[in-house]
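Descriptive analysis of the structure
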Amino acid sequence: MSVIETSGLTMSYGARRGIQDVSLQIEAGEIFGFLGPNGAGKSTTIRILMGLLRASAGRACIFGMDCWKSGALIRRDVGYVAGDVRLYPWLTLNRGLKILSQIHGRSLQSEGRQLAERFRLEPDLSVRKMSRGNRQKVALVLALATRPWLLILDEPTSGLDPLIQDTLMVCLRDLAAEGRTILFSSHTLSEVESLCDRIAMIRGGSIVEYDSLTSLKARAPRRIQILLAPDQVPPAEWPDGVRVLWQPQQSGGQPSTQRDLLSIPPGLLSQTCLLEVTGQSSEFLKWIAGQEFADVTIGAPSLDILFRGCYADDEDENREAPAGDGTAIDTSAQSGAVT
Amino acid sequence: MRGLLSKIVAEVLWPVLWFCLGLFVIMGLLTALLPKVLGNIHEVFDNMPLVKPLITALLGVDPGNQISAQLSQAFLWTHPTLLTLLWAHELMYCSRMPAGEIDRGTADFLLCQPVTRVQIFLAESIGWLVSGAVILSCGCAGHLLASGFVHPEMRLPFRSALLVLGNLAAVYLAVGGLAFLLSACSDRRGRAVGIVFAVLLLSFLLNFLAQFQEWAKSISWLSIMEYYRPAIVIQSGLFPTSDVQTLLGLAAFSWTTALVVFHRRSICTV
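Residues numbered from 1 in each chain as written. Chains lettered and ligands numbered in written order. Predicted model: local features only at pLDDT ≥ 70, side-chain atom pairs only at ≥ 80, totals over all residues.

Moving on: the overall build of chain B. Regarding its fold elements, chain B presents 13 helices and 0 strands. Compactness check: chain B gives a C-alpha radius of gyration of 20 Å against a globular reference of 18 Å for 270 residues, within 12% of the reference. Projected onto the principal axes, the alpha-carbon positions of chain B cover approximately 60 × 45 × 30 Å. Classification of the 270 residues of chain B by burial places 47% in the buried group. (Helix = DSSP H or I, 4+ residues; strand = E, 2+ residues; numbered from the N terminus. Rg over C-alpha atoms; globule rule 2.2 N^0.38 Å. Buried ≥ 20, exposed ≤ 12 C-beta atoms within 10 Å, placed from the backbone.)

Spelled out as structure tokens, the structure:
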């Protein structure tokens, strides 16, 4: 039995977009990444799972029970941190632990105290006197103190400093090692990449990617930066499977986004080719071995590129080629083709 | 349920204590001072003709040119300060959940605990009933304490005070039930409070207009104040059973509907 199972989950806020046909299956002991830009539908899906919203169609179950009908029972074993944490101004960590202990019918004080030390949190400071980061820590400690079998975290690292973010990651890995399940929602790919086993990407309310991190990485493109020798011209033809993002002194070239060029030092723009290779790169490596370039840099498969590709329409970026001796090739619709 | 009650106590303890103190002081002062002030009311009636219909609207009976001892004590129980304090507490308390929780974004924290919405609503209702009982008792205590300093002829018999208090408690329940209902239907606390406030204001206005206008008189049964007439209760010495039944009916309907709405609705804090 899956810990979380949704099928055909649909919900709309009147005219506003909600989610459409979201189907997920998350198993016990898994750290599942739920990725998407702001407003994509991550929080709506989570709110349905937490029994706050009622889906207009489809089914959402946790531990095999319906999230709307058996919400209170399910939540006995679920810890939740909302995306935009708001707590009562009068609440202190100790008071929160006391109230939650009464609700859960067992003492959470000792677990809470240990977590407070780990997260460097003053247990008697009221929320109204806390910074945003500390409020986030209170919410995390209160969610973790119950030692839930399922932890649902909606952008939990926002407002946390890097050290506390690391502490949280360690905590989450420890919990997963104990067989506890974590649904980790974020719009920051790097933290999901470093933590999760599988991920789902949501865009415009629909799931657009749903796979293991390993499979996604196998599909992710590599960035290759070629530095030409002085007076060398780029090859007239590139091998199959190579997507040219930028090359100098040739008509028709255009970087897929302005950001692609940020990795090239401005002084080297007229000598640099920027390529993208997806899948097996052995053929390309053989080809490149026969060339006489000044330098070649091959990057690791980047989920970031895949991720941004999924959200291309949501990005508001300048697609104009820079002034100077750059060239323009529109490659956005011809992934993997030589242009 | 204990955890929910602890949360409610942490949230409303100080405001409730302030309301208790306020009502205690106000009722004491009014009990001691009103007989003296109202002794010369005929002069006020002569100089300001609008005051008489206003007092008639508040009391529910025409006081004539002189206000008797009994009517002066009835005026105490309909004094705007008493009603304002009581209703301010109710509007503050009953609009907290769910409208207030949604408004300030804390609904996520509360509703994601392992408790049902029915349990949350019942805990809130217990707090509402207990705080109302404590506040009304403090007001009554202030009145009884100050009665010791009033001329014996001007004192309201304890039994009459209890009858009026029972009627006032029914008003408290009706207004609170309405506030719960509007809070359950709304995502904005200000909107819920505003509508209840408007209903109360219209009730006063309708009662006032009913003194002069036939059309207003014909629909005055819509006003909550129509079912709270301490002067008649004090004069007759009888418990206003039908008025209290009407108010309790309104309270029960509003409260039950609020519970059903809160139980069934989607809650969105974004």
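Our next topic: the interface of chain B and chain A. Each partner contributes to the interface: chain B provides 21 residues, whereas chain A provides 22 residues. When contributions to the side of chain B that touches chain A are tallied by element, the ones reaching two or more residues are helix H1 (2-39) and helix H7 (107-111) of chain B. With 6 residues, H1 of chain B is the single largest residue contributor to the side of chain B that touches chain A. Its residues placed into classes, the side of chain B that touches chain A shows 9 nonpolar, 7 polar and 5 charged. (Contact = placed C-beta atoms within 7 Å. Nonpolar A, V, L, I, M, F, W, Y, C, P; charged D, E, K, R; others polar.)

The next thing to look at is helix H3 (residues 93-104) of chain A. Residue and element names in this part refer to chain A. Taking 1.5 Å of rise per residue, 12 residues should cover 16 Å, and H3 covers 16 Å from first to last C-alpha, within 8% of that figure. Turning to H3, its buried residues number three or more, namely Leu93, Gly96, Leu97, Ile99, Leu100, Ser101 and Ile103. Glycine 105, located one to two residues past H3, shows a positive phi value of around 75°. (Expected span 1.5 Å × (residues − 1).)

The next subject is the environment of threonine 246 of chain B. With respect to the helices and strands, the residue threonine 246 of chain B is situated in helix H13 (residues 241-264). Threonine 246 of chain B sits 106 residues away from cysteine 140 of chain B along the chain, and the two C-alpha atoms are 23 Å apart.

All names here are of chain A. Its domain assignment divides chain A into domain 1 (4-217) and domain 2 (220-314). On the side of domain 2, 9 residues touch domain 1, which itself brings 10 residues to the contact. Contributing elements (two or more residues each) for the side of domain 1 that touches domain 2: helix H7 (189-195), strand E9 (198-203), strand E10 (206-212) and helix H8 (213-219). Here the residues of the side of domain 1 that touches domain 2 are counted per class, giving 6 nonpolar, no polar and 4 charged. (Domains from an automatic or database assignment.)

The next thing to look at is the packing of helix H9 (residues 158-185) of chain B against helix H10 (residues 189-209) of chain B. The axes of two packed helices give the description: the angle between them and the distance between them. All names here are of chain B. Axis separation between H9 and H10 bottoms out at 9 Å; the angle between their running directions is 145°. Of the two elements, H9 crosses H10, and the hand of that crossing is right-handed. Residues Val175, Leu178, Ala179, Leu182 and Ser183 of H9 pack against Ala192, Ile195, Val196, Val199 and Leu200 of H10. For the contact of H9 with H10, the residue count by class is 9 nonpolar, 1 polar and no charged. (Axes fitted to C-alpha atoms, helices over the stretch in contact; angles between N-to-C directions. Left-handed = near helix turned anticlockwise from the far one by under 90°.)

Here we come to the nonpolar core. For soluble globular proteins, the rule of thumb is that nonpolar side chains tend to be buried together. Counting residues in hydrophobic clusters, the biggest one holds 149 residues, and the most contacted among them are Val141, Ile152, Ile182 and Phe184 of chain A. The leading source of residues in this core is H9 of chain B, at 16 residues. Not counting residues within four places of it along the chain, the set of residues in contact with isoleucine 182 of chain A comprises Ile31, Phe32, Leu151, Leu153, Leu172, Leu175 and Ala176 of chain A. (Core = buried A, V, L, I, M, F, W, Y, C linked by C-beta atoms within 7 Å.)

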